[in-house]
Amino acid sequence: MTFDINAPILFVLAGIIIAAVLAQSIYFLVKAWRRAAAIGMDMAKLRRIARTAAVFTIAPAVAIVISVIALAKDLGVPLPWLRLSVVGSMSYETIAATNAESAMGLVFGQVTSLTASQYVTIVSVMTLSIMVGIWLVPLIGKKLQTGLISLENRDKKWSDIFSSAMFIGMISAFLGYVFCDFSTVFTGDLSGLIPPLVMLVSALVMCLCGIAVKKIQKPWISDYALPISLVVGMASAIPITALLH
Amino acid sequence: MKKNLSYMDSVHRDGWIWNLSMMVLLFLFPIAIMVLYHALPDWHGFLMGLIATAPMYWAVAVVETFTYVPMLGAGGSYLSFVTGNISNLKLPVALNALEQADVKVNSEEGELVSTIAIAVSSIVTTLIILLGVLLIVPLTPILNAPVLEPAFAQILPALFGGLGVVFISKNWKISVAPIVLMLVLFIAVPALNASTVGIMVPVGVLFTLAVSRILYKKGIL
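Computed from a predicted structure; not experimentally measured. (Residues numbered from 1 in each chain as written. Chains lettered and ligands numbered in written order. Predicted model: local features only at pLDDT ≥ 70, side-chain atom pairs only at ≥ 80, totals over all residues.)

A.B. asks: It is not clear to me how the overall build of chain B should be interpreted in this structure. Could you clarify?
C.D. replies: Tallying secondary structure elements over chain B gives 10 helices and 0 strands in all. Secondary structure elements of chain B occur, N-terminal to C-terminal, as α-α-α-α-α-α-α-α-α-α. On the principal axes, the C-alpha backbone points of chain B span a range of 70 × 60 × 40 Å. Within the span of chain B, comprising 221 residues, buried residues form 51% of the whole. A sequence separation of at least 24 residues applies to 61% of the contacts in chain B between residues at least 6 apart. (Helix = DSSP H or I, 4+ residues; strand = E, 2+ residues; numbered from the N terminus. Buried ≥ 20, exposed ≤ 12 C-beta atoms within 10 Å, placed from the backbone. Contact = placed C-beta atoms within 7 Å.)

A.B. asks: Just checking my understanding: could you explain the interface of chain A and chain B for this structure?
C.D. replies: It is common to give the size of an interface as the accessible area that goes away when the parts come together. Contact with chain A, which involves 133 residues of that partner, is made by 129 residues of chain B. The biggest single contributor to the side of chain A that touches chain B is helix H7 (residues 156-178) of chain A, with 21 residues. In the side of chain A that touches chain B, the residues fall into 98 nonpolar, 29 polar and 6 charged. (Nonpolar A, V, L, I, M, F, W, Y, C, P; charged D, E, K, R; others polar.)

A.B. asks: So what exactly am I meant to see when it comes to the nonpolar core here?
C.D. replies: Buried together is how nonpolar side chains tend to be arranged in soluble globular proteins. Counting 147 residues, the largest nonpolar core has Met170 and Phe174 of chain A together with Ile116 and Ala117 of chain B as its most contacted members. If you tally residues by element for this core, the top one is helix H2 (residues 43-75) of chain A, at 15 residues. No fewer than three residues from each of domain 1 (8-130) and domain 2 (179-244) of chain A sit in this core. Apart from residues no more than four positions distant in its own chain, alanine 117 of chain B is found in contact with Ile49 and Ala53 of chain A together with Val93, Ala94 and Ala97 of chain B. (Core = buried A, V, L, I, M, F, W, Y, C linked by C-beta atoms within 7 Å. Domains from an automatic or database assignment.)

A.B. asks: Sorry, what's going on with the confidence of the model for chain A here?
C.D. replies: As a general rule, the predicted coordinates of low-pLDDT regions are not to be interpreted in detail. Across chain A, the average pLDDT comes to 90, with 100% of residues at or above 70. Taken element by element, the predicted model of chain A shows its lowest mean pLDDT in helix H4 (residues 90-103) of chain A (81) and its highest in helix H1 (residues 8-38) of chain A (96). (pLDDT = per-residue confidence, 0-100.)

A.B. asks: Before we go on, may I ask you to explain helix H5 (residues 108-134) of chain B in this structure?
C.D. replies: Count 3.6 residues to each turn of an α-helix, and residues three or four apart come out pointing the same way. Its 27 residues place the ends of H5 of chain B 39 Å apart at the C-alpha level, agreeing with the 39 Å of an ideal helix rising 1.5 Å per residue. A large share of H5 of chain B lies buried, amounting to 20 of its 27 residues. (Expected span 1.5 Å × (residues − 1).)

A.B. asks: Explain the environment of leucine 72 of chain B here, please?
C.D. replies: All names here are of chain B. Structurally, the position occupied by leucine 72 is in helix H2 (residues 43-72). Linking leucine 72 and valine 105, residues 33 residues apart in sequence, is a C-alpha distance of 7.1 Å. Ignoring sequence-local partners within four residues, the contact set of leucine 72 consists of Ser77, Ser80, Lys90, Leu91, Ala94, Ser114 and Ile118.

A.B. asks: I tried to follow the packing of H1 of chain A against helix H3 (residues 78-85) of chain A on my own but got confused; where do I start?
C.D. replies: All names here are of chain A. Relative orientation of the contacting elements H1 and H3 amounts to 10 degrees, with a least axis distance of 9 Å. Taken together, the axis directions place H1 and H3 in an arrangement best described as roughly parallel. Where H1 approaches H3, its residues Leu10, Phe11, Ala14, Ile17, Ile18 and Val21 are matched on the opposing element by Pro78, Trp81, Leu82 and Ser85. (Axes fitted to C-alpha atoms, helices over the stretch in contact; angles between N-to-C directions. Parallel < 35°, antiparallel > 145°, perpendicular 65-115°, else oblique.)

A.B. asks: Sorry if this is basic, but what is going on with the packing of helix H6 (residues 132-154) of chain A against H2 of chain B here?
C.D. replies: The description of two helices packed together rests on the angle between their axes and the distance between the axes. Interhelical geometry of H6 of chain A versus H2 of chain B gives an angle of 35 degrees and a closest axis separation of 9 Å. As for how H6 of chain A packs across H2 of chain B, the hand of that crossing is right-handed. Contacts between H6 of chain A and H2 of chain B pair Val132, Gly133, Leu136, Val137, Ile140, Gly141, Leu144 and Leu148 of chain A from the former with Trp58, Ala61, Val62, Glu64, Thr65, Val69 and Pro70 of chain B from the latter. Taken together, the residues of the contact of H6 of chain A with H2 of chain B break down into 11 nonpolar, 3 polar and 1 charged. (Left-handed = near helix turned anticlockwise from the far one by under 90°.)

A.B. asks: Which parts of the structure should I look at to understand the domain arrangement of chain A?
C.D. replies: Residue and element names in this part refer to chain A. Taken domain by domain, chain A comprises domain 1 (8-130) and domain 2 (179-244). Look at where the C-alpha atoms of domain 1 and domain 2 centre, and you get two points 28 Å apart. When the residues that make up the side of domain 1 that touches domain 2 are grouped by side-chain class, the tally is 3 nonpolar, 1 polar and 1 charged.

What follows is the structure, encoded as structure tokens:
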């Protein structure tokens, strides 16, 4: 059989694995939903939360589609489709593919065709490199959760602060990342201001949504405040980039 | 006799089965290609590629597991570590859902809310990517249009601007120190950028926990 990076059989193989992952998501959704109903949670509220999660996901998911298109130039469509639907992310997959290709004397972004052996090499490097999270969570997830529950039982106030502190620590790292090119401003290159300004627009939109909820008493604004601030922030990047580049 | 499992125990049991099954399935992809095309990997390229890639990924994965599992809850973690895109999608979705429901992730309600939000997000992501793959020919020129490029390049600042306002305004006392630290580090150290932000997440988390503990012990929180 002649190898082709877009061979129908590769689509079938990738499709089977993606279908299994979809089944896992549906299984956990149904399980959590039934449990929520059983313990008397507000199901209308949960439906709103699910809707918000779905709407919020659209813009980042479109960005993932763009990553699939970018990687497809070198690797064909099935492999990026698989890797970005399951386990991976754009940066991880690009680095893994670049390293595997350069180890075989190829240059990422300039590959016109791959042999089956080269393709298998790239897939194997990508697969082995990223598998740790999948088996480590089953191995230590329960112990970590048990530790948190015992913390909750010992000191509820500290347990609440503990979980807020974790979120703030994560957010602070990403806020710092937004400023990683800021120092270019000191050399006269204003492009380092683009990410902070986009972040500022998004933050302002979130504040406006908060004010709107209080002033006009429309709870749906609160539900969709994050997707709205995300999309307006992304849209603002277009004029801001045009102005500062 | 059938043992009565608690909900959380059953989540861990199911997560264990699902994740290890997924791991086997993912390994079957290259194995199936090897069998179908009678092709073996280029062993030199494989080893060199693995040496260049795996140590960093494995270290990051260990750190991410310890950092993200307490934030995602049990069900959310099993799903997120299979479906990927954690920091740019699954974690913000979970955070927003917990905020919307006004529950903590370490409560049962928080566990359920986080799992539902992440599951919905995973399903929507999978379907959108599927749609993108089916329509790849007409979509490519639209999504690659130069005019849209800046918007998709700034997805993280747009995401964390909105999310930051919500969480920092509610926890400003514990937010000041880590934000100042991260700003100084990211502005002053050129090596800190998009590819190293994952490493800085546990640094930020540990630092914030230490600051919070001090403030808590002093009665400020």
